[in-house]
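Now for the letters of each chain:
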Amino acid sequence: MTDYGAIYWLDDCGDELARRPALAADETVDVAILGGGFSGLWTAYFLLRANPGLQVAVIERHFCGYGASGRNGGWCSPRYPMLIDELEKHFGAEAARATIRAQQAIIDDIGQIIIEEGIDAHFTPGGMLSVARTQRQLAALKATYAGYARLGLADDTRLLSAEESGALIKVSRVLGGMKTTSGASIHPARLVRGLARAVERRGGRIYEGCEVTKVRPGQPAMLETTGGVITARRGVVLAGEAYLSGIPAYHRQLLPMSSMIVATAPLDAATWDAIGWQGHESLSSGAYTKDYQTRTRDGRILFGSRGAPYLFGSAMPESALADAALYGPIIENLRAWFPVLNDVPITHAWGGYLGVPRDGMPSVHFDPARGIGNAFGYTGRGVATTALAGRALAGLIAGIPEYVPDLPMLHAPGPQWEAEPLRWIGVRYIQNAFARIDAADFRDGSVPVDAKLAKTLAPI
Ligand SMILES: Cc1cc2nc3c(=O)[nH]c(=O)nc-3n(C[C@H](O)[C@H](O)[C@H](O)COP(=O)(O)OP(=O)(O)OC[C@H]3O[C@@H](n4cnc5c(N)ncnc54)[C@H](O)[C@@H]3O)c2cc1C
């Protein structure tokens, strides 16, 4: 029996998700952070790690890990939010190389920090495995590899034949693959909940069930919340990702898109023998409608995909993520990948909202004159990047040069999204076109006439 809307990671995170108290009166701190996800908590963590005397408060509307950080696919991935060829095109080879190297290095840092902090986040350094299931995907995989090789970044990556891919995992219709040794899978809810406890151990305060209703720039900047006004001597941090679109001043900064995941029941040994996947890689193909898969420590397969249709006005109701009808095609796709799972129950099906910036590039920025810092815009690839962003933002606020890398993500928030109804028309068109491109590709390898247009319009 599938529990629609139930988030496997939160069910399995080992704590009761009991709410911490909300802010109960006006308060003054050094740094006030909106958002108890990875971005907000990594920022708090690195601020306090470098500067134990600092007064840092995190304001979270629900509970730490409520947002994408507690619901994602668990890929702690060396793949940056902006694709390698786009990075190179917009920022040059050197900046692209530095970005990927920084992304790889932060994964090792996360692995180290969770040991130091005693966080049992199921960190499994299995790397990544991309498989091609159509000729188009195979050509795209080879082009991606060529991009990494051209920049001297392919030392951890190799292309695989169909037979070599099949030796690692039994997926239907595979024509070839690409294996990358860097990258890990993690239990995101255990990481985000553990990080919150680490922040508190280092003296940070966390208020839950407390919503920021207004951001007041200035010296000092302030956050108006449902529990009182919090004044921040050094600055406030906006780390609300997709949910920031709910604050009028930031409504068009990030586009909220959903992504959805289904989880199988734990598989028995015979099923795992039939599938293989002993390397525990983070698994995907090159479909435009996206698929991302993770093998959990208790022996489930999580199969993720693009989510629900974009809603007018960037609405993001939780109820849209519990609609059983939206999960049917994802479950069907999972069983097409792994026919051996035909009779295996799907226990959980959930979605979450991620934030897409108009220029496709995350933004990490601190404006001392306005007292406003931000870390957002990861387009569904933020598990590793949020740590890089949080450390950089902590460095900008507290003046710690070794925390602040020279990377293109260190820039003020990019352009705004179009006003409605243009936004709705454009995004719905791209969602629809990507589904048609994949369907035609799988059917007979044909390409819809508007494929190029759709790819040009999409920021990711
Ligand atoms: C289904 C799904 C699968 C994904 N899979 C992957 C993956 O496998 N690998 C990967 O790298 N990335 C993945 N991502 C993306 C990744 O999870 C995010 O990029 C990352 O978690 C963003 O963290 P964050 O802290 O910036 O935002 P969030 O985790 O969304 O946290 C923002 C927090 O701010 C709080 N908040 C917002 N507004 C307010 C307010 N006004 N007042 C108080 N609090 C507020 C929210 O309640 C929320 O807890 C996925 C995302 C989704 C949705």
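Residues numbered from 1 in each chain as written. Predicted model: local features only at pLDDT ≥ 70, side-chain atom pairs only at ≥ 80, totals over all residues. Heavy atoms only, no water.

**Structural notes on empty space enclosed by the protein**
- Counting across every chain of the model gives two cavities of 30 Å³ or more.
- Roughly 70 Å³ of internal volume is contained in the largest cavity.
- Taken together, Pro-256, Met-257, Ser-258, Ala-308, Pro-309, Tyr-310, Leu-311, Ala-315, Ala-320 and Tyr-353 form the lining of the largest cavity.
- Class assignment of the residues belonging to the lining of the largest cavity gives a composition of nine nonpolar, one polar and no charged.
- As for the second largest cavity, its lining consists of Gln-253, Leu-254, Pro-357, Asp-359, Met-361, Ser-363, Phe-376, His-411, Pro-413 and Gly-414. (1 Å grid on protein atoms, 1.4 Å probe; cavity = no way out; pocket = protein on both sides within 12 Å on 5 of 7 lines; lining within 4 Å. Points joined across faces, edges and corners; volume = space filled by probe spheres on them. Nonpolar A, V, L, I, M, F, W, Y, C, P; charged D, E, K, R; others polar.)

**Considerations on the environment of Pro-345**
- Position of Pro-345 relative to the elements: it lies in the loop between helix H9 (324–337) and strand S17 (346–357).
- A residue is classified by how much of its surface remains accessible, and Pro-345, at 43% relative accessible area, is partly exposed.
- Taking the C-alpha atoms as reference points, Pro-345 and Leu-223, 122 residues apart in sequence, are found 45 Å from one another.
- Each residue touching Pro-345, except ones within four places of it in the same chain, is listed here: Ala-263, Thr-264 and Ala-265. (Helix = DSSP H or I, 4+ residues; strand = E, 2+ residues; numbered from the N terminus. Buried < 20%, exposed > 50% of the residue type's maximum accessible area, 1.4 Å probe, protein only. Contact = heavy atoms within 4.5 Å.)

**Notes on the layout of surface pockets**
- By volume, the second largest pocket amounts to about 750 Å³.
- Thr-289, Ser-305, Arg-306, Pro-329 and Ala-435 are the residues nearest the centre of the second largest pocket, which is lined by 27 residues in total.
- Those elements that place two or more of their residues in the lining of the second largest pocket are strand S13 (254–264), strand S16 (301–306), H9 and helix H11 (422–444).
- Taken together, the residues of the lining of the second largest pocket sort by class into 14 nonpolar, seven polar and six charged.

**Some details on the domain arrangement of the protein chain**
- When its domains are assigned, the protein chain resolves into domain 1 (3–124 + 184–254 + 355–403) and domain 2 (422–457).
- The gap between the C-alpha centroids of domain 1 and domain 2 is 33 Å. (Domains from an automatic or database assignment.)

**Structural notes on unusual backbone geometry**
- Following Gln-219, the chain continues to Pro-220 via a peptide bond in cis, the omega torsion being 10°.
- By secondary structure assignment, the location of Pro-220 is in the loop between strand S10 (212–216) and strand S11 (221–225).
- Backbone geometry places Trp-277, a non-glycine residue, at a positive phi of 55°.
- As for its position among the elements, Trp-277 is in the loop between helix H8 (269–275) and strand S14 (282–285).

**Description of the nonpolar core**
- With 63 residues, the main nonpolar core has Leu-41 and Trp-42 as its most contacted residues.
- Breaking this core down by element, the ones donating at least two residues are strand S2 (27–34), helix H2 (38–50), strand S3 (56–59), helix H3 (84–91), helix H4 (93–116), helix H7 (188–201), strand S18 (363–367) and helix H10 (385–398).
- With sequence-adjacent residues up to four places away left out, Trp-42 is seen in contact with Ile-110, Ile-113, Leu-195, Thr-386, Ala-387 and Gly-390. (Core = buried A, V, L, I, M, F, W, Y, C linked by side-chain atoms within 4.5 Å.)

**Looking at the pattern of salt bridges**
- Taken as a whole and judged by the stated rule, the model has 26 salt bridges.
- Across the salt bridge formed by Glu-116 and Arg-49, the nearest N and O atoms sit 3.0 Å from each other. Linking Glu-116 in helix H4 with Arg-49 in helix H2, this pair joins segments that are 67 residues apart in sequence.
- The class for Glu-116 is partly exposed, based on a relative accessible area of 44%.
- With a shortest N-O distance of 2.8 Å, Glu-281 and Lys-179 are connected by a salt bridge. Here Glu-281 is found in the loop between H8 and S14, whereas its partner Lys-179 is found in strand S7 (residues 176–180), with 102 residues between them in sequence.
- A residue is classified by how much of its surface remains accessible, and Lys-179, at 16% relative accessible area, is buried. (Salt bridge = Lys/Arg side-chain N within 4 Å of Asp/Glu carboxyl O.)

**Here we look at the site of the ligand**
- Around the ligand, the structure places 38 residues, and the nearest of them are Ser-39, Glu-60, Ser-69, Val-212 and Val-383.
- Measuring from an oxygen atom of the ligand, one finds a backbone N or O atom of Ala-68 at 3.1 Å.
- Contact between the ligand and Asn-72: an oxygen atom at 3.2 Å from a side-chain N or O atom of the residue.
- For the ligand, the protein covers 98% of the area, taking 1,000 Å² as the surface of the free molecule.
- For the shell around the ligand, the secondary-structure elements that each account for two or more residues are H2 and S17.
- Looking at the shell around the ligand residue by residue, the class counts come to 16 nonpolar, 16 polar and six charged. (Near = heavy atom within 4 Å. Polar contact = N/O pair within 3.5 Å; in protein donor to acceptor, adjacent residues only side chain to side chain. Areas by Shrake-Rupley, 256 points an atom, 1.4 Å probe, with all protein chains shown as cover.)

**Some remarks on the sheet that holds strand S6 (residues 157–161)**
- Here we have nine strands laid out as an open sheet, ordered S1-S17-S13-S16-S15-S14-S5-S7-S6, and mixed in their pairing. Looking at strand neighbours, the two that pair on one side only are strand S1 (3–4) and S6, the edges of this open sheet.
- Pairing between S14 and strand S15 (residues 291–295): two bridges, direction antiparallel. Paired with Leu-283 across the bridge in S15 is Gln-293. (Pairing = 2+ DSSP bridges.)

**Side note on the packing of aromatic side chains**
- Applying the stated criterion across every chain yields a total of 13 aromatic pairs.
- Seen from their ring centres, Trp-42 and Tyr-45 are 5.9 Å apart, and the 85° between their planes marks the pair as edge-to-face. Taken together, the residues span about one helical turn, with Trp-42 and Tyr-45 both in helix H2 at a distance of three residues.
- Judged by its relative accessible area of 1%, Trp-42 falls in the buried class. (Phe/Tyr/Trp six-rings, centres within 6.5 Å; stacked < 30°, edge-to-face > 60°.)

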